[in-house]
Amino acid sequence: MLLLNASGCLDALTAPEVASSFDAFVTKTITPAARIGNAPVRIAETDHGMLNAIGLANPGRNVFVNETLPRLREIGIPIWVSVGGFCIRDYVETCEQLAGDDVACVELNLSCPNVDEAPESAAEIVAACRVATANPLYAKVSPHSWDMAETVRAVEAAGADGLSMINTLRGLALDAQLRPTLARGAGGYSGPALKPVALAAVRAARRATALPIVGMGGVYSGRDALELIACGATHVALGTVLFADWNAPARVREELVAEATRAGFEHPDDAFGISLDDVARLAN
Ligand SMILES: Cc1cc2nc3c(=O)[nH]c(=O)nc-3n(C[C@H](O)[C@H](O)[C@H](O)COP(=O)(O)O)c2cc1C
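Model, not experiment: these values are computed from the prediction. (Residues numbered from 1 in each chain as written. Predicted model: local features only at pLDDT ≥ 70, side-chain atom pairs only at ≥ 80, totals over all residues.)

Enquirer: Help me out: how do you make sense of the overall build of the protein in this one?
Expert: Helix and strand content of the protein: 9 helices and 12 strands. The globule rule puts the C-alpha radius of gyration for 284 residues at 19 Å, and the 18 Å found for the protein is close to it. Overall, the C-alpha framework of the protein stretches about 50 × 50 × 40 Å when taken along its three principal axes. Expressed as a percentage of the 284 residues in the protein, the buried residues total 49%. Across the protein, contacts joining residues at least 24 apart in sequence account for 69% of those joining residues at least 6 apart. (Helix = DSSP H or I, 4+ residues; strand = E, 2+ residues; numbered from the N terminus. Rg over C-alpha atoms; globule rule 2.2 N^0.38 Å. Buried ≥ 20, exposed ≤ 12 C-beta atoms within 10 Å, placed from the backbone. Contact = placed C-beta atoms within 7 Å.)

Right, here's the structure in full:
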């Protein structure tokens, strides 16, 4: 199992010592052109999680490849690049631009709730990117999908090497005057409240595929990580917790081993898929 950060939840250049406590660093989503993102207010705290409407603020792929990526490499851990866009060509051209670069993985962000332009179907984007790059391709699919199994089978057939799930859910907070707290209105909801949604999504995906899955959504403790593994996550990512606790990677690793022992497993990976009733089939 690898422990990763969730895209957009850690600035590795500001906090390289936190980034290096992960097994790999996942970048903020990169788009073809620079984006300043949505107008403030872009972040709000809620009772059981956090709302954000950052809107894919990033320096654009040219600046990223020429300036940011070389600096990220100095941290010394594998780099996963999160790629976003608004049409198939956006994704394909970024994949082509990264093809000669030593990146460990390309994570296609097919599920950002904070931009108005919806990308085309997840499978179409994956298929086009598959032709454009030999880099490993992970598809970050939307938790809003009605039929997770169908989505997963479609992106696998299109050539994805793995899945990342889940992204934020669309949510809304109101201020004292009953106006939306975020300037954009709704935003992406993340944090503890997401865990049950993430567990269900990962478990449904695991029933449909043997591809590796990076599970995320509300992981704050080793127990949370173990539950994702039990639902079929191969790897685990930490997101919103990093805004509150930069020691979370070390703490979650430690707790994960203790929680696995408490649940009767020698190693956390031994709990893989245990919540499914057809574990034997998976093992074969
Ligand atoms: C402030 C913020 C920014 C995010 N930016 C991105 C992004 O650029 N690309 C992406 O794929 N996911 C992004 N996400 C979603 C996270 O990667 C993750 O999927 C989600 O927050 C669920 O995990 P969590 O509950 O542990 O935070 C962002 C989340 C937050 C809170």
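Structure's up, so let's keep going.
Enquirer: Would you take a moment to explain the site of the ligand for this structure?
Expert: As a structural note, the neighbourhood of the ligand is formed by 25 residues, with Ala 6, Gly 8, Ser 190, Gly 239 and Thr 240 the closest of them. If you list the elements that add at least two residues to the shell around the ligand, you get strand 4 (49-52) and strand 10 (187-190). Here the shell around the ligand is composed, by residue class, of 8 nonpolar, 15 polar and 2 charged. (Near = placed C-beta within 6 Å. Nonpolar A, V, L, I, M, F, W, Y, C, P; charged D, E, K, R; others polar.)

Enquirer: Would you take a moment to explain the pairing of strand 7 (residues 137-140) for this structure?
Expert: A regular strand places its side chains on the two faces of the sheet in alternate fashion. Residues Leu 137 and Ala 139 point to one face of strand 7 and Tyr 138 and Lys 140 to the other, with burial holding for every one of them. Here strand 6 (residues 105-109) runs beside strand 7; their pairing, made up of 4 bridges, is parallel. Across the sheet, Glu 107 pairs through a bridge with Tyr 138, a residue of strand 7. With 3 bridges connecting them, strand 7 and strand 8 (residues 162-165) associate as parallel partners. (Pairing = 2+ DSSP bridges.)

Enquirer: Whenever I open this one, the pairing of strand 5 (residues 79-83) confuses me. Can you help?
Expert: Along strand 5, 5 of the 5 residues are buried, which leaves the element largely enclosed by surrounding structure. Burial of strand 5 is two-sided: the residues Ile 79, Val 81 and Val 83 facing one way and the residues Trp 80 and Ser 82 facing the other way are all buried. Bridge analysis of strand 2 (residues 25-26) against strand 5 gives 2 bridges, and the strand direction is parallel. In the sheet register, Val 26 faces strand 5, and the bridge partner there is Trp 80.

Enquirer: Sorry if this is basic, but what is going on with the nonpolar core here?
Expert: Counting residues in hydrophobic clusters, the biggest one holds 80 residues, and the most contacted among them are Leu 108, Val 126, Ala 139, Val 202, Leu 228, Ile 229 and Val 236. When neighbours within four sequence positions are excluded, Leu 228 is seen to be in contact with Ala 198, Leu 199, Val 202, Gly 215, Val 219, Ala 233 and Val 236. (Core = buried A, V, L, I, M, F, W, Y, C linked by C-beta atoms within 7 Å.)

Enquirer: Help me out: how do you make sense of the environment of Leu 182 in this one?
Expert: Along the chain, Leu 182 turns up in the loop between strand 9 (169-171) and strand 10. For Leu 182, a count of 24 C-beta atoms within 10 Å translates into the label buried. Placed 120 residues apart in sequence, Leu 182 and Asn 62 show a C-alpha to C-alpha distance of 30 Å. Those residues within four positions of Leu 182 in sequence are excluded, and the remaining contacts are Val 41, Arg 42, Ala 44, Leu 51, Ala 53, Ala 173 and Gly 187.

Enquirer: Hey, could you run me through helix 2 (residues 61-73) in this one?
Expert: One full turn of an α-helix is made of 3.6 residues, so residues set three or four places apart face in the same direction. Where helix 2 bends most, at Glu 67, the angle is about 35°, and the proline Pro 70 comes one to four residues later. Regarding helix 2, the residues found buried are Arg 61, Phe 64, Thr 68 and Leu 72. Its buried side turned inward, helix 2 meets strand 2, strand 5 and helix 3 (88-99). (Bend = angle between axes of the 7 residues up to and from the residue.)

Read these as geometric descriptors, not functional statements.
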